[in-house]
Amino acid sequence: MSSSENAQAYWSENLRIIITYLSVWFVVSYVCGILLVEQLNAIPFFGFPLGFWIDQQGSIFVYVGLIWAYAFSMNKLDEKYDVHE
Amino acid sequence: MSLDVLTYLFIGGSFVLYIGIAIWARAGSTKEFYVAGGGVHPVANGMATAADWMSAASFISLAGLVSFIGRDGGAYLMGWTGGYVLLAMLLAPYLRKFGKFTVPDFVGDRYYSNTARVIAVVCTIVISFTYVAGQMRGVGIVFSRYLHVDINTGVIIGMAIVFFYAVLGGMKGITYTQVAQYCVLILAFTVPAFFLSLQITGHVLPQIGLGATLDSGMSVLATLDQLSTDLGFAEYTAGKKSTIDIFCLTAALMAGTAGLPHVIVRFFTVPRVKDARTSAGWALIFIAILYTSVPGVAGFGRVNLIQTINGTDNAGTEYAQMPQWFKNWENAGLLGWHDYNGDGKVQYAAGAAFDGKKGKPAFDGENRGEYGERAVTNAIADPAAVNGAPYANEVYVDRDIMVLANPEIAQLPNWVIALVAAGAVAAALSTAAGLLLVISTAISHDLMKTCINPNISDKQELMYARIAAVVAICIAGYFGINPPGFVAQVVALAFGLASSSVFPVIVMGIFNKRMNKEGAIAGMIVGLGSTMAYMIYFTFMGGAKEDLFLGISTGGFGFVGMILNFIVAYIVSMMTPPPPAEIQEIVENIRVPRGAGSAHAH
C-alpha cells in the first residue's frame, strides 16, 4: 500500500470511529436528554426520574466515557496504520 | 479563629502560592509565552483546561441557575460538558498536529487569506473580552462580601495578581498556576457539597444524595416538586421552555464551548497528538467532578432555602429570627424583603417581590424599616399570591448567592466558608488569565507579527505580547469596575459567536479538503452576521418575543447561525475554484498524527 493510500484508509476508519461515537453522543444528549425526556421520566432510576437524571448527570458520565473510548480506539488505529508518534 | 481572619488566610495563602509559581515559571521566549514551550503533561494540561474553562459563572452562578430553573438547567450542564466531546474528536488532535500558536493562525494559514485571519482575530478578541469582564466582577463581589472592601478595590487586587503571573509567565506561568487554582476551586466546591449532602440525605456524594429518600419518606426530588408546586412555582423536574428552544440552546453551548479560543489553545501546549486526545479526557473528568455535583448542590440548596425561610410549618419566619446569613446577603444587596402582609414574618413564594427588572429590589440607601430590614423604594402597591401560592412573595433572592451562601445556610464551620471564598476567587482568576493571554497573543502574534510586520524579532514580539496583556488587563479591570448592565446577555453573545463562526470554520478546514477561502469567509460572515443581528435585535432593540424565529431564544440562535455558516460556505466553495495544492497538502498532513514535533514558529 502506498503511503497516500495508507493515509486515505486511516482517515476513513477515523471518520467511521468519530461517526459511531458522535451518534452515541447525539442519542444520549438530544434524544434521551431532550426529545424523549418526558417519556423517560416515567421510569424511576435510583430515586431519580430517568429523563431528569440523564439530562443533569448521566449524560456527563457518558461524555467522559466517550472521550476515553475515542482516545483508546485512535491509539490502536494509529499503530495499525503505523502513523503513531 | 474568626471568619474574617480565616478568609484572609485562605485567600492570602492562595495568592502567595500563585505568585510563587509565577516566579518559578517565568517565560523567556515567545514559544514559552504562547504555548508553555509545548511540553505540558496531559494530566496537568487537563487540570489547567478545567480551571481555564470553569469560570466564576460555573463556580458561583451555575448551581444557582439550576436551583432556580430546575430541569431546564440541564441545557447548561450538558452544553458546557458535551462540547468537550466535539473538541476531542473534531478539533483538538488536528489543531495540535497543525502546531501553530493560535486559532487565527490556523484560520489564516488554512484559508491562505489575511481577511479570514483578521475576522478570526476579531472574533477571538470580542469573545474573550465579553468573558473577562464578568470574571473581574466576580472577584470584586467575593472580596466585598468576605473581606469587607469596596468592590472596586477587590477588582484592582484581582487585576494586580493576574498582571503578575500572566504578564511575567505567559502561558507557562498561567498553566501551572491554573493547576494550583484547579485544586483550590475543586476542594472549595466539593467540600461544602459533601457536607450539605451528608446533612440532608446521609450520603456523602451529592451525585447519589440527590436520588436519596428523606426522613419524610419522600425522595429529594419529589420533595422539591412538592415544595415548588405548593409555593406556586413550576415542578422542579419539569421543563418550562419549549423543546426546540432547549435543543438549540444545548447545541449552541456545545459548539460554542468547542469553539472558545482560550480553551482551544490549551491543546497546543501538549507534546503529541495523542496527548491532545487524552488531555481532553482528563479535562472533562476534572470538569465532571464539579458539574455532576452541581445538580445536588442546586437541589439541596433549594430545599434548604425554602425551609429556612418559610419554616417547617410553611407559615414564614419572623424577620428577627432569621439567621445571620440572610442579613449578611441583604447588606450585600443580593437579598431583599418587604413585609406585604404586615405579620413581621418573611415568606417566600412564586412571583416578583418587587417592581423592578427581574423583581429586583431598589434599596432606599441605608434606611431601615420597622423590623430592621433594608427599606426599599419599589415595593409593589397591591401584591397578590400567584399560581395558587398560599401568600404573596415577599423576598428577592439573587441566584448568584446559592453557592456562596450555601455553607452559611447549612451552618457549616467557618473554614468551609473561607475555602469557598478562596475557590470563587481561584475560578475567576484562572479564567481571566487564560482569556487575557488569548487577547494578548491575538494582538502580538496574529496582528503585529503576522499581518503588520513579519520582521520583528522574537524578543520584540514577546514585548508586544506583554504590553498587549497589560492593556487588556486594564480594559478588563475597567469593565469590572463599570460593568455594562448586560453582562449575562453578552456572555450568551460570546457562545453564539464561537458556535456560529470559530467552530464551523475550523471543522470545515479539517474535514472538507475542498473548502476554500471564499467559502470560509462567506460562511463566517453569514454565521456571525445573522447571530449578532438576531441577538442585538431581540436583546437591545426590543424585539417582541412572539417574533422569535421558531421560538428560539437568543442564547440558542448560535446553533442556527452555525447551520447557516455550513450551508453558505459549502455552496460558495462549490461555485469558486478549489484551494491550491499546497493547502490541500496541509490538510492531508494534519489528518495524520505522525511528525507533530513541538509547536513551531513560522
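Structure: above.
Scoring rules and cut-offs
Sequence order sets the numbering: in each chain, residues are counted from 1 along the sequence as written. The lettering of chains begins at A and the numbering of ligands begins at 1, in the order of writing. Given that this is a predicted model, residues contribute local features only at a pLDDT of at least 70 and side-chain atom pairs are listed and counted only at 80 or more, while totals for whole chains, interfaces and linings are drawn from all residues. Every helix listed is a DSSP run of H or I at least four residues long, and every strand listed is a run of E at least two residues long, numbered separately from the N terminus. For this measure, only C-alpha atoms enter the radius of gyration; the expected value for a globule follows 2.2 Å times N^0.38, where N is the number of residues. Each residue is classed by its C-beta neighbour count within 10 Å, where at least 20 other C-beta atoms makes it buried, 12 or fewer makes it exposed, and intermediate counts make it partly exposed; the C-beta atoms are placed from backbone geometry. The contact criterion used here is simple: two residues whose C-beta atoms, placed from the backbone, lie within 7 Å are in contact. As a working rule, the residues Ala, Val, Leu, Ile, Met, Phe, Trp, Tyr, Cys and Pro are called nonpolar, Asp, Glu, Lys and Arg charged, and the rest polar, with Gly in that last group. Each axis is a line fitted through C-alpha atoms, and for a helix only the stretch in contact is used; angles between axes span 0 to 180 degrees, taken between their N-to-C directions. Orientation is classified from the angle alone, with under 35 degrees giving roughly parallel, over 145 giving roughly antiparallel, 65 to 115 giving roughly perpendicular, and any other angle giving oblique. Whether a crossing is left-handed or right-handed is set by the direction in which the near helix is turned from the far one by less than a right angle, anticlockwise for left-handed and clockwise for right-handed. To count as a nonpolar core, a set of buried Ala, Val, Leu, Ile, Met, Phe, Trp, Tyr and Cys residues must be joined through C-beta atoms within 7 Å.

(A) Local environment of the overall build of chain B. Along its length, chain B carries 22 helices and six strands. Relative to a compact globule of 602 residues, whose C-alpha radius of gyration would be 25 Å, chain B shows 25 Å and is just as compact. With respect to the three principal axes, the spread of C-alpha positions in chain B is 80 × 55 × 45 Å. Here chain B holds 602 residues, and the buried ones make up 59% of them.

(B) Molecular detail of the interface of chain B and chain A. Across the boundary between the two partners, chain B contributes 41 residues, which contact 37 residues of chain A. Elements with a contribution of two residues or more to the side of chain B that touches chain A: α5 (74-98), α11 (243-258) and α13 (273-291) of chain B. Of the residues assigned to the side of chain B that touches chain A, the class counts are 20 nonpolar, 14 polar and seven charged.

(C) Just unusual backbone geometry, in detail. Residues and elements named next belong to chain A. Even without glycine at this site, F46 takes up a positive phi of about 45 degrees. Examined against the element boundaries, F46 turns out to sit in the loop between β1 (44-45) and β2 (48-49). The exposure class assigned to F46 is exposed, which follows from the 11 C-beta atoms found within 10 Å. The backbone of D82 shows a phi angle near 55 degrees, a positive value even though the residue is not glycine. Exposure remark for D82: the 10 C-beta atoms within 10 Å place this residue in the exposed category.

(D) Broad picture of the environment of M54(B). Residue and element names in this part refer to chain B. Residue placement: M54 occurs in the loop between α3 (42-53) and α4 (56-69). When the C-alpha atoms of M54 and T431 are compared, they prove to be 6.9 Å apart, with 377 residues separating the residues in sequence. When residues no more than four places from it in sequence are discounted, the contact partners of M54 are F59, L185, I287, L290 and A427.

(E) Looking closely at the packing of helix α1 (residues 3-35) of chain A against α11(B). Contact pair α1(A) / α11(B): the axes reach a minimum separation of 11 Å and the direction vectors enclose 150 degrees. Taken together, α1(A) and α11(B) sit at an angle that is classed as roughly antiparallel. By crossing handedness, the relation of α1(A) to α11(B) is classed as right-handed. In this structure, α1(A) contributes S29(A), Y30(A), I34(A) and L35(A) to the contact, and α11(B) contributes T243(B), I246(B), F247(B) and T250(B).

(F) Structural view of the environment of L227(B). Within the element layout of this structure, L227(B) appears in helix α10 (residues 220-230). Those residues in contact with L227(B) that lie beyond four places of it in its chain are V303(B) and I306(B).

(G) Broad picture of the nonpolar core. Counting residues in hydrophobic clusters, the biggest one holds 226 residues, and the most contacted among them are I67(A), L185(B), A421(B), A424(B) and L436(B). When sequence neighbours within four positions are dropped, the list of residues in contact with L436(B) reads V132(B), V162(B), A166(B), A469(B), A472(B), I473(B) and A476(B).

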